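Secondary and tertiary structure notes
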Amino acid sequence: MYDFKCQRCGECCKRYYIISLPGEVSAQASLKGLEEGDFIARNMQLFLQLFPAEHGGSRINVSSSLVPRKFLDMISGHAGHIPEFFLALPMLAFRRREDGSCTFYDSGNSGCTIYSERPLECRLFPFVSDRKPDDYSKLYPFCHGLRHKDSNKTYADLSFVHFRQVADYFGMVKEKGFSGVWNSWPNGGVCLFTDKLLGPITADEFFGVIAPYK
Ligand code: SF4
Ligand code: SF4
């Protein structure tokens, strides 16, 4: 159990790509009074994360032959070689402003403008790491909430709740395809290799990489 009291500083809203899953997006669109397709077009981007992988397995693994050359060259620069296969994680993430902040972050007064329907990842932060640190303040030194105590309350590490939800999502994508899970998607977004941003990706490039799970 951990001591924690959110200081509402907004630092966690300025640093990350925040993914939102199908049920969450429906609720966020309703909150904003928008059709889901409109909400996605206005606020979200395609988000494709690649990791080196073995061929086969139960995950969404794709051949490097499906990855655009421009990305392979950058991956080679980062990793020193081009893996033959990648674990591909195709998602939708909220757009970010030039300063890195989440499109729903209002620095003026209200903080998160979809607070009641913010994604689980945001609800659980900072307890969302798969690294299971003893001291979360080493992992997230910018989060001052970890240096405060909320009266007699303590917080459990609920990272597993988030990771289970995300694993279920990838299971659905593998079974139904990305276009079977989402009814609409943005025209473009970003591609990452591990945590390194490779650059913009078009919808055609995105679906080209995940062709077996389109
Ligand atoms: S979770 Fe931490 S970083 Fe995020 S708003 Fe609260 S205190 Fe700030
Ligand atoms: S959805 Fe809300 S809580 Fe989550 S990063 Fe964006 S502004 Fe912050």
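Residues numbered from 1 in each chain as written. Chains lettered and ligands numbered in written order. Predicted model: local features only at pLDDT ≥ 70, side-chain atom pairs only at ≥ 80, totals over all residues. Heavy atoms only, no water.

Under an unreviewed UniProt entry, the name given to the protein chain is YkgJ family cysteine cluster protein, and the organism recorded is Candidatus Iainarchaeum sp.

A few words now on unusual backbone geometry. Here F125 and P126 are connected by a cis peptide whose omega angle stands at 10 degrees. One can find P126 in the loop between α4 (120–124) and α5 (136–139). The phi angle at R8 is positive, at roughly 55 degrees, despite the residue not being glycine. Along the polypeptide, R8 turns up in the segment before α1 (22–31). A positive phi angle, close to 50 degrees, is found at T194, a residue other than glycine. Note on placement: T194 falls in the loop between β6 (188–193) and β7 (196–202). (Helix = DSSP H or I, 4+ residues; strand = E, 2+ residues; numbered from the N terminus.)

Next up on the list: the site of ligand 2. Every residue close to ligand 2 is listed here: C13, I18, F94, C102, F104, Y105, C112, I114, P119 and C122. Considering only residue class, the shell around ligand 2 consists of ten nonpolar, no polar and no charged. (Near = heavy atom within 4 Å. Nonpolar A, V, L, I, M, F, W, Y, C, P; charged D, E, K, R; others polar.)

Of all the residues in α1, the buried ones are P22, E24, V25, Q28 and A29. Within α1, the buried residues cover an arc of 155 degrees as seen down the axis, which keeps them to one side. In this structure, α1 carries G23 and S30 as exposed residues pointing more than 90 degrees from its buried face. Contact partners of the buried residues in α1: α2 (36–43), β1 (44–53), β3 (85–94), α4, α6 (159–176) and α7 (178–181). Positive backbone phi, approximately 70 degrees, marks G33, located one or two places after α1. (Buried < 20%, exposed > 50% of the residue type's maximum accessible area, 1.4 Å probe, protein only. Arc of directions from axis to C-beta. Contact = heavy atoms within 4.5 Å.)

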